[in-house]
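A look at the structure
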Amino acid sequence: MKKLLLFISLITAFSCGEANQTEDNQKDSAELKAFEALASEEEGTKKFIEDYLAAVNSPDWQSRLPEYLQPNPEKFLEEHAAFRESFPNYQSTIKHLTVDGNKGIVWINITANYSKEYAFESENDAYGDSMLNDIKAENQELSWDETWYFDVVDGKFGTEWDFLKDNYSVLKSLQTGFK
């Protein structure tokens, strides 16, 4: 009888251990899948902003940018076209990029020559470029930093967007005596 009780106890102990192990394996598997999904989403967000900036830097930026923008990007493209007329050799370089799921923060450096006077009028000057109005363009070499906070939804910029531009560096380079 003792042997039978010992045998039943061992079988019960092993079977409970297997059930717990199966439960732990399922939990680990679910956590691994969630981690892999997040890593994939973050890789997509990183690739999105890298590809977007490559498109901005390309000579055919006007035809490439709409694929990254929400429906009706005409207003943005109109303003950016005016900006690019003043800065035709615009180039952006990523200094730092961090992502969390579908959200990202990118710090970029811009280099460009101010070759044509900027004269775009806008109700909502979201980028602060109207500060250039009436500043004479003499092909001045400029360099400034921008930081963007954004989200990516369905392969396009989403609804979360914030932007910080080092306008001080731009003005300091353009206006003699500006300190």
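Given the structure is predicted, the values throughout are model-derived calculations rather than measurements.

What counts, and where the lines are drawn
- For every chain, the first residue of the written sequence is number 1, and numbering continues from 1 along that sequence.
- Two thresholds apply to this predicted model, a pLDDT of at least 70 for residue-level local features and 80 or more for giving and counting side-chain atom pairs, whereas whole-chain, interface and lining totals are computed over all residues.
- As a rule here, side-chain values cover all heavy atoms of the structure and leave hydrogens and water aside.
- Strand pairing follows a simple DSSP-based rule, namely that at least 2 bridges must link the two strands.
- The numbering of helices and of strands both runs from the N terminus, where a helix is a DSSP run of H or I of at least 4 residues and a strand a run of E of at least 2.
- Confidence of the prediction at every residue is given by pLDDT, a number between 0 and 100.
- Partly exposed residues are those whose accessible area sits between 20% and 50% of the maximum for their type, while under 20% is buried and over 50% is exposed, using a 1.4 Å probe and protein chains only.
- Our arc is simply the arc of the directions from the helix axis toward the C-beta atoms.
- Residues are treated as being in contact if the distance between any of their heavy atoms lies within 4.5 Å.

Two strands pair when backbone bridges link them, and strand β2 (residues 103-114) and strand β3 (residues 140-153) are joined in this way by twelve bridges, in the antiparallel orientation. Bridged to Lys103 within β3 is Asp151. Note: β3 against strand β4 (residues 156-165), seven bridges, orientation antiparallel. Residue pairing across strands places Phe150 opposite Trp161, the latter belonging to β4.

The next point concerns the confidence of the model for the protein. Per-residue confidence for the protein averages 86 on the pLDDT scale, and 83% of its residues sit at or above 70. The least confident element of the protein is helix α1 (residues 2-57), whose mean pLDDT is 81; the most confident is strand β1 (residues 91-100), at 98.

What follows covers helix α4 (residues 167-174). Of all the positions in α4, only Val170, Leu171 and Leu174 are classed as buried. Along α4, the residues classed as buried sweep out an arc of 90 degrees about the axis, all on the same side. Considering only its buried residues, α4 is in contact with β2, β3 and β4.

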